[in-house]
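Structure at a glance
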Amino acid sequence: ASVLRTHSLGQNVVYLETTNSTNEIAKEYARNGAEEGTIIVAEEQKMGRGRFSRSFYSPFAKGIWFSLILRPTFFPLEASKSTLLAAVAVCRALRSAGLPQAAIKWPNDILVDGRKLVGILTELSASMERIDYIVMGIGINTGIERIEFPEDFRDKTTSFLAEGIAVSRKQLLAAVLAELEKLYMVAETEGFDKILEDWKTLSCTIGNEVQVISEDKTFIGKAVDLDNNGCLLVDTGTKIERVIAGDVSIRPV
Ligand code: BTN
């Protein structure tokens, strides 16, 4: 029996035993006209990609590695907020699946007690006027033992298994897609204001001291809010810095 409860998202599934990166395959499908809602799911990624061309560890059958193709009608300028939308959806699904401590680290990592359990990489193809496609790539660690994580990540990464929670990958994927579809409909009909408010309530970044690291500068301050473009506002004591997701990484201090 199908566990899927969505109308569009995930109704068309491309399933792969192994691939380099589901985002790469999804972009290929999108360029060739794949319909909105198509997902590419792989058991394993040999070259899973993260933000800032980092690699993303995606071993066989031990996580949910998938990419979703969207063709929104909202303006290209709004697209960066869809990555925050993804984080809200996945965070809700995780909380319902037995991880009430799941929280969002700006812009879109999901942490459990300070350790990363989910990574999200959103890629966009658009002109100034319209979006051709968004590929939303989501990686959720389910069955990775703590000891299996590469050594330099071990203290910073976690999984359902490492947290002592049993989860069905199929049911979790269905739950994530259901949450994504609800929020995507809100974004398409009402815009992102409500979603940004939801993001704030699920965030572990707002209210905390952060170190902001970009190519040209590094500073420390208190993350105080999101602006209505989804930028992080950081109070350095002397001024409010506006931080854009594409440019910087942050870490707690
Ligand atoms: C990050 O942590 O910086 C983002 C990681 C995103 C990983 C997912 S897994 C599915 C999709 N395919 C990829 O190559 N990356 C994303």
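Here we summarise the structure given alongside this text. Since the model is a prediction, treat every value here as computed from it, not as a measurement. Within each chain, residue numbers correspond to sequence positions counted from 1 in written order. pLDDT decides what is reported in this predicted model: residues at 70 or higher carry local features, side-chain atom pairs at 80 or more are listed and counted, and totals for whole chains, interfaces and linings draw on all residues regardless. In computing side-chain values, all of the structure's heavy atoms are included and hydrogens and water are not.

**Regarding the overall build of the protein**
Selection criterion: Going along the chain from the N terminus, every DSSP run of H or I of four or more residues is numbered as a helix, and every run of E of two or more is numbered as a strand. C-alpha atoms define the radius of gyration, and 2.2 Å times the number of residues to the power 0.38 defines the globule rule. The buried label goes to any residue with under 20% of its type's maximum accessible area, the exposed label to any with over 50%, and the partly exposed label to all in between, with areas taken from a 1.4 Å probe on protein chains only. Contact criterion: two residues are considered in contact whenever any of their non-hydrogen atoms come within 4.5 Å of each other. A 1.4 Å probe and the Shrake-Rupley method give the accessible areas. Residues count as covered only by the protein chains that appear here.
Looking only at helices and strands, one finds 4 helices and 12 strands in the protein. Rg of the C-alpha trace for the protein: 17 Å, near the compact-globule value of 18 Å for 253 residues, within the 12% margin. Along the first, second and third principal axes, the C-alpha atoms of the protein reach 55 × 50 × 30 Å. Looking at the protein residue by residue over its 253 residues, the buried ones come to 50%. Restricting the contact set of the protein to residue pairs at least 6 apart, pairs at least 24 apart contribute 65%. On the protein, roughly 12200 Å² of surface is accessible, and the fraction owed to carbon and sulfur atoms is 51%.

**Looking at the packing of aromatic side chains**
Under the convention used in this document: Stacked, edge-to-face and tilted labels apply to pairs of Phe, Tyr and Trp rings (six-membered ring for Trp) whose centres lie within 6.5 Å, assigned for plane angles under 30 degrees, over 60, and everything in between, in that order.
Scanning all chains against the criterion turns up 3 aromatic pairs. Taking 5.1 Å as the distance between ring centres and 75 degrees as the angle between the ring planes, the aromatic pair formed by phenylalanine 74 and phenylalanine 192 counts as edge-to-face. Of the two residues, phenylalanine 74 sits in the loop between β3 (63-70) and α2 (81-96) while phenylalanine 192 sits in the loop between α3 (169-190) and α4 (193-202), which places them 118 residues apart along the sequence.

**Structural notes on the sheet that holds strand β7 (residues 131-141)**
Selection criterion: Pairing between strands is defined by DSSP: at least two bridges between the two strands are required. Axes here refer to lines fitted to C-alpha atoms; in helices the fit is confined to the stretch in contact. Angles between the N-to-C directions go from 0 to 180 degrees.
If you walk across this open sheet you meet the 7 strands as β1-β2-β3-β7-β6-β5-β4, and the pairing is mixed. The two strands at the open ends of the sheet, each matched to only one other strand, are β1 (13-19) and β4 (103-105). Put simply, the sheet's adjacent strands are angled 20 degrees from each other on average, direction ignored. Sheet topology note: the strand β2 (residues 39-45)/β3 ladder contains 4 bridges and is antiparallel. Directly across from isoleucine 40, in β3, lies its bridge partner serine 67.

**Considerations on α3**
Selection criterion: Expected helix span is computed as 1.5 Å times (number of residues minus one).
Over its 22 residues, α3 runs 31 Å from end to end, which matches the ideal 32 Å to within 8%, given 1.5 Å per residue. Of the residues trailing α3, glycine 191 is marked for its positive phi of about 90 degrees.

**Here we look at the site of the ligand**
This is how the line gets drawn: Any residue with a non-hydrogen atom lying within 4 Å of a molecule or strand is treated as near it. We define a polar contact as two N or O atoms separated by no more than 3.5 Å, with the added condition that, inside protein, one atom must be a possible hydrogen donor and the other a possible acceptor, whereas residues neighbouring each other in sequence contribute only through side-chain atom pairs. All residues other than Ala, Val, Leu, Ile, Met, Phe, Trp, Tyr, Cys, Pro, Asp, Glu, Lys and Arg, Gly among them, are scored as polar; the first ten of these are nonpolar and the last four charged.
Residues in close proximity to the ligand total 18 residues, the closest being Ser21, Gln45, Arg49, Arg51 and Lys116. A distance of 2.7 Å separates an oxygen atom of the ligand from a polar side-chain atom of serine 21. Protein contact buries 99% of the 420 Å² of open area that the ligand shows by itself. Every element with two or more residues in the shell around the ligand is listed here: α1 (22-31), β3, β6 (115-126) and β7. With 4 residues, β6 is the single largest residue contributor to the shell around the ligand. Of the residues that constitute the shell around the ligand, the class distribution is 5 nonpolar, 10 polar and 3 charged.

**Brief notes about the pattern of salt bridges**
Should the charged atoms of two oppositely charged side chains come close, the side chains can pair. Quick reminder of the rule: For this analysis, a salt bridge means a side-chain nitrogen from Lys or Arg found within 4 Å of a carboxyl oxygen belonging to Asp or Glu.
Applying the stated criterion across every chain yields a total of 18 salt bridges. One salt bridge in this structure joins aspartate 132 and arginine 71, with 3.3 Å as the shortest N-O distance. Pair noted here: aspartate 132 is in strand β7 and arginine 71 is in the loop between β3 and α2, with a separation of 61 residues, a long-range link. For aspartate 132, a relative accessible area of 30% corresponds to the partly exposed category. Between glutamate 241 and lysine 217 there is a salt bridge, with the nearest N and O atoms lying 3.3 Å from each other. With glutamate 241 in strand β11 (residues 240-243) and lysine 217 in the loop between β8 (209-213) and β9 (218-226), this pair connects stretches of sequence that are 24 residues apart. Owing to a relative accessible area of 14%, glutamate 241 belongs among the buried residues under this scheme. Via salt bridges that share partners, Glu24, Lys27, Arg49 and Glu123 belong to a single interconnected network.

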